[in-house]
Amino acid sequence: MTRGGQNPDVNDPAAVPSSTVPSAGEPVPPVPLMDPKRAYDAWGPAAEQAVVEVLRSHCYLKGPRVAAFEDAFAAEVGVAEAIAVDSCTDALFLVLRAVLQDRPPEAREVILPPFTFVATASAVVNAGGTPIFADVDPATWNLSPASVAGLLNERTAAVVPVHIFGAPADVTGLREVLAAAGSNAFLLEDAAQAVQATLGGKQAGALCDAGAFSFYPSKNLAAVGDGGIVTTDDTDLAAMVRALRDHGQTRKMYDHDHVGTNSRMDELQAAVLHLKLAHLAGWTAERRAVAARYDAAFAGGTLQPQAVLPGSASAYHLYTVRAPERDALRARLQAAGIGCGVYYPVPLHRQACFAGGQEGACPEADALSAAVISLPCFPGMTAAEQDRVLDVLAS
Ligand SMILES: Cc1ncc(COP(=O)(O)O)c(C=O)c1O
């Protein structure tokens, strides 16, 4: 497992198992779950130079590099506005604060899936909302529109689909159930794992009223620390999030219209992320090629990969399958030196911090937590490493 418990971590020893020594011959090198170091040659030298430039500029916050990265990211996603913040947790929190702050406390229900990282729900609570867990679809593992339909009411302020593992949620289906219920609930996509995923020709981050991304170091677009961003076409919302990330200041310094927080991205992260953005399409293509190979190998077998909606493309932050005897398989993979991970072993509706109040309400999420396992899939993964994963699984 990861140090943090549920967040795929580049420093996680389980993600980088030790070599195995067969009874005869050379030790077999391990295959990590992910290995961001592989791509370093492509971006590292330029980043080292960019970091020195930022240091020598003595401008570390609120400078031109953050603004330039925001423009580049908005253009990449295809939205009018991108607001850089210091994590996806805060990206979710700040949008929800903006959406919830004018509503009475009893009308701040936010519907979200329980099969996600804890930050999706903690952002709801920290923004003054009440998380309401709807079940996930058994094939896509994302928020089920039918389950959401049963929970919508006049108290619903927002619905937060999560594009889990990088596969787009059924945003079209969600819009249909909102329209059928006459609900004007805000749609916020948690795209932490889904940069460059697409649905119907649009990128994640441009599918809902707003999107939230993570640049945590294990993410597909990774900062050299924490980072996140909000995307939206709504210029009023963008102005509010910009104010809230910087102590609620709007017109000028020391002029506070709102109670905000400090959630600014710094110039170092923006400089590095901006130059890595230029490589992202290639890295995403590499992830998709590995995933296509696994998909072909697993077709008709007992391992069931996450289904990707027609007309959509996953960003494959994690290539994950449902496995009949998951824990035995995990032990076998680890013994064979193949990195793997279980995300997420306990769904959020069963977590004590959310009162554990909805036991049994999300059976599909429960079943997934008991059966999923993520396999190595990352840019720079060699064909020989893919062969090894497939050989061990075939045995
Ligand atoms: C689905 C999801 N939402 C939110 C987050 C929080 O992102 P961050 O670590 O940037 O705060 C993560 C991070 O793992 C995530 O996977």
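Nothing here was measured: the structure is a model prediction, and the numbers come from that model.

Analysis parameters
- Residues numbered from 1 in each chain as written.
- Predicted model: local features only at pLDDT ≥ 70, side-chain atom pairs only at ≥ 80, totals over all residues.
- Heavy atoms only, no water.
- Helix = DSSP H or I, 4+ residues; strand = E, 2+ residues; numbered from the N terminus.
- Rg over C-alpha atoms; globule rule 2.2 N^0.38 Å.
- Buried < 20%, exposed > 50% of the residue type's maximum accessible area, 1.4 Å probe, protein only.
- Contact = heavy atoms within 4.5 Å.
- Areas by Shrake-Rupley, 256 points an atom, 1.4 Å probe, with all protein chains shown as cover.
- Lys, Arg positive; Asp, Glu negative; His and termini not counted.
- Charge placed at Lys NZ, Arg CZ, Asp CG, Glu CD.
- Patch = residues over 30% accessible without salt bridge, like charges linked within 9 Å, V, L, I, M, F, W, Y side chains within 5 Å.
- Salt bridge = Lys/Arg side-chain N within 4 Å of Asp/Glu carboxyl O.
- Pairing = 2+ DSSP bridges.
- Axes fitted to C-alpha atoms, helices over the stretch in contact; angles between N-to-C directions.
- Domains from an automatic or database assignment.
- Buried area = accessible area lost by both parts, 1.4 Å probe.

Visitor: For this particular structure, what's the right way to read the overall build of the chain?
Guide: Of the regular secondary structure elements, the chain holds 11 helices and 13 strands. Its C-alpha radius of gyration of 21 Å places the chain within 12% of the 21 Å reference for a compact globule of 395 residues. Expressed along its principal axes, the backbone C-alpha trace of the chain runs to roughly 70 × 55 × 40 Å. Across the 395 residues in the chain, those meeting the buried criterion constitute 56%. Relative to all contacts within the chain whose residues are 6 or more apart in sequence, the contacts with residues 24 or more apart total 70%. For the chain, the computed accessible surface area is about 15,800 Å², with 55% contributed by carbon and sulfur atoms. Distance between charge centroids for the chain: 3 Å, based on 28 positive and 43 negative side chains.

Visitor: What is the right way to look at a nonpolar patch on the surface in this model?
Guide: A contiguous nonpolar surface patch, about 270 Å² in accessible area, is contributed by L55, Y60 and L61. Within the secondary structure, Y60 sits in the loop between α1 (40-57) and α2 (64-77).

Visitor: Even after reading the chapter, I still don't get the sheet that holds strand β2 (residues 109-112), so can you show me in this structure?
Guide: Each strand in a sheet pairs with its neighbour through backbone hydrogen bonds, running either in the same direction (parallel) or in the opposite one (antiparallel). Strand order across the open sheet formed by seven strands is β1-β9-β8-β5-β4-β2-β3, with mixed pairing between neighbours. The open sheet has two free edges, formed respectively by β1 (81-85) and β3 (130-133), since each of these has just one partner strand. Each adjacent strand pair in this sheet contributes to an overall mean axis angle of 25°, direction not counted. Those strands touched by helix α4 (residues 119-126) are β2, β3 and β5 (186-190), and its axis lies near 145° from that of β3.

Visitor: What is the right way to look at the domain arrangement of the chain in this model?
Guide: How big an interface is tends to be stated in terms of the accessible area lost upon association of its parts. What the domain assignment lists for the chain is domain 1 (13-38 + 278-394) and domain 2 (42-274). When each unit is reduced to the centre of its C-alpha atoms, the spacing between domain 1 and domain 2 is 25 Å. Each side of the interface is counted separately: domain 1 has 40 residues, and domain 2 has 42 residues. With both chains or domains summed, domain 1 and domain 2 bury close to 3,500 Å², and 64% of this area falls on carbon and sulfur atoms. Counting the contacts that link domain 1 with domain 2 gives zero salt bridges.

Visitor: Could you clarify how one ought to interpret the sheet that holds strand β11 (residues 312-313) in this entry?
Guide: Here three strands make up an open sheet; going across it, the order is β7-β6-β11 and the pairing antiparallel. The sheet terminates laterally at β7 (202-203) and β11, the two strands that pair on one side only. Relative to β11, strand β6 (residues 198-199) is paired through two bridges, and the arrangement is antiparallel. Counterpart to T198 in the pairing with β11 is A313.

Visitor: So what exactly am I meant to see when it comes to a negative patch on the surface here?
Guide: Together, D209, D233, D234 and D236 make up a region of like negative charge exposed at the surface. Mapped onto the fold, D209 is located in the loop between β7 and β8 (210-214).

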